Amino acid sequence: MSHSIQSHPQPVPLTTVGDRGDIESGPVPDTGPGRAARAGTSAAAFFSSVAEGAGALAGKGSTAAWGGLKTGGKATWGGMKTAGNATWGGVKTGGNMALSGGKTVGNAGWNGAKIVGKASWNETKNSAVSLGKFTAGPLQNKAWGALGGHALQQAITCGLPTMMREEAFIEAYNLLLPHLAEKHPAAAVGIQVAVSLANVAAHLHLREPRLERDPQNNQVAVRGQFGLSPGQADVMRRDKPEEWNRLTQQNQTDSKRVTGQQVMAELLNIGLSVAGTQTGNPGLTARVLSTQLRNMIYAGARESLQATGSMVASRDGKASHGVNDDSMSTNGAWYTLNTLAMGMLQDGLIQKALPKGYTVSGPEIRDAGGQRLTGKELHEMGAIVSALRSACNTVIETGDAFLGKHYDAKQVGDSQKFSPSLPMKDYGRLLDHSIARLSWNNFATGSTVAAQQIMGAITKGNMSPLLSSLFNNAGTAAAFGLTYKMVNQIYQSHSKVRGAVAAAPTPAPANATASGSGGNTQQAITGGTDNNV
């Protein structure tokens, strides 16, 4: 659409003259003489007056002008001197004030900087000392030998089972994938469902009933979970019955939660196994099933070796009651951070140890061309991966065992020492401690694998190795850390109940007859036998 300019046929006046003129055009023009005429008249009057007043201007006017000049000059000079003096005085005064203020501010700033510096240094020093005490505190009282004992014990009871489980993990995966998950996916899912149901049943029909064997009506279980001595428990029951009832309820609740953790883990495992078959990813189905085998081997082997040998004992032999609630929280925080750090280190070491371009994802090892390893090369690379995972896991468990024993002994005024022995007892832990450990491990690994699948779907597999390692290890550390306190307190509860059951006298048979002249009934003391399993 065009808007052409059209000319008006008649000129349009831009100014409309009124009584007072137009605002934009100025006042109304007058009808008097023009500007040139007025200027001429003024000039004539001026020149005519010049002749008449020339003498006066020459005499009086010149005198007045000179006097005015002198007066003005003096006034101007006096003003200049006054202004100069005032300005110089102001500059000096301002300079002195600025210098004085600068010195004052500088002194205040320096003193403030010294005060802040000293305070910051003291705070930093105190923080460093506190951190040092927290880190090195357990090493006091000649505990270096105990630390060496824990390292040796965990190398055997943790390092060897870890090596076994990782080797089994890798080998089982590479057997199950081509021979079961790819050819018979429905059978693989069925086996997974059966294993999951067995794991849950182990809690309901084995572990939980064993905790209820407490010969003191659940008192031993509660004391064990929260690291209380019999005396502390008696005082609490007498003076704070509500608090004791709360702890009793928590003991039962936490035991159920450990079972619930297993249920959650198995639902994840079954769901992942089914997802593998439905999405054409048999590797996922094989991984879940091989992970189950891995965790079972570790739980059984670790607790068997823990019951067989020991390298550390209390220095004074004082009876301990377990790690208390606050110290257990500290252990959990340390365990979480150490799990993350060792996981990152483990991934880095594995990448350095394997040939360039090789990748590892759980049980799967691929070469630089992206092909899954098989045969002799798989066994060789799998051994390297397993050894490095074993070493890093041993470091985690050494620190955890050392701190746990430290706080356990410290609470009764004792310490720990290197003391190798072969107790070869308490194998009953395989029936409760191992099952609780399986719940912990299955939940951590199941949730981590699920998170990996979700992240892989979001990123389409385009994630850097470093970021992937951080994500996976952070997820694993979080999963272990979130339930560390609950699981390890249930460990303690089961341990104390096993000890109480082992120390309790076996009731005499109903048809027992008196023997000897005194007619005393013989009572046998059980030595760790779990009679009602």
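Just above sits the structure.
Residue positions are given per chain, counted from 1 along the sequence in the order it is written. Reporting in this predicted model follows two pLDDT cut-offs: at least 70 for local features of residues, and 80 or more for side-chain atom pairs to be given and counted; totals over whole chains, interfaces and linings ignore these cut-offs and use all residues. Excluding hydrogens and water, the side-chain figures rest on all heavy atoms present in the structure.

Moving on, we get to the overall build of the protein chain. Here a strand is any run of E in DSSP of at least two residues, a helix any run of H or I of at least four, and the numbering for each starts at the N terminus. On a plain count of helices and strands, the protein chain comes out with 13 helices and four strands. Across the 533 residues in the protein chain, those meeting the buried criterion constitute 34%. Every residue pair with non-hydrogen atoms within 4.5 Å of one another is taken to be in contact. In the protein chain, once contacts between residues fewer than 6 apart in sequence are set aside, the share between residues at least 24 apart is 83%. For the protein chain, the computed accessible surface area is about 30,400 Å², with 63% contributed by carbon and sulfur atoms. In this scheme, a residue with accessible area under 20% of its type's maximum is buried, one over 50% is exposed, and one in between is partly exposed, where area comes from a 1.4 Å probe on protein chains only. The method behind every accessible area is Shrake-Rupley, applied with a 1.4 Å probe, and residues are considered shielded solely by the protein chains displayed.

Before going further, it helps to spend a moment on helix α11 (residues 433-459). Helix span, expected: 1.5 Å multiplied by one less than the number of residues in the helix. In a regular helix each residue adds 1.5 Å, so 27 residues correspond to 39 Å; α11 covers 39 Å between its end C-alpha atoms and thus fits that length. Positive backbone phi, at 60°, marks K460, one or two positions downstream of α11.

The geometry of helix α9 (residues 325-353) relative to helix α13 (residues 484-503) is characterised by a closest axis approach of 9 Å and an angle of 125° between their N-to-C directions. Comparing their axes, α13 and α9 come out oblique. In this structure, α9 crosses over α13, and the sense of that crossing is right-handed. Side by side, α9 and α13 meet where D325, M328, S329, N331, G332 and Y335 of the first sit next to Y484, K485, N488, Q489 and Q492 of the second. In this classification, Asp, Glu, Lys and Arg are treated as charged, Ala, Val, Leu, Ile, Met, Phe, Trp, Tyr, Cys and Pro as nonpolar, and every other residue, Gly included, as polar. Across the contact of α9 with α13, the residue classes break down as three nonpolar, six polar and two charged. Convention adopted: a line fitted to C-alpha atoms gives each axis, helices being fitted over their contacting stretch, and angles between N-to-C directions are expressed from 0 to 180 degrees. Note on terminology: angles under 35 degrees are roughly parallel, angles over 145 are roughly antiparallel, angles of 65 to 115 are roughly perpendicular, and the others are oblique. Left-handed describes a crossing whose near helix is turned anticlockwise from the far helix by less than a right angle; the clockwise case is right-handed.

Counting residues in hydrophobic clusters, the biggest one holds 21 residues, and the most contacted among them are V258, Y335, W440, F480, Y484, V487 and Y491. Those elements that place two or more of their residues in this core are α7 (241-278), α9, α10 (375-410), α11, α12 (465-482) and α13. Per element, the largest residue contribution to this core is five residues, and it comes from α13. Sequence-distant contacts of Y335, defined by excluding residues within four places in its chain, comprise I396, E397, D400, W440, F480 and Y484. The nonpolar core is taken to be a set of buried Ala, Val, Leu, Ile, Met, Phe, Trp, Tyr and Cys residues, with the residues joined through side-chain atoms within 4.5 Å.

Keep in mind that these numbers describe shape and distance, not what the molecule does.
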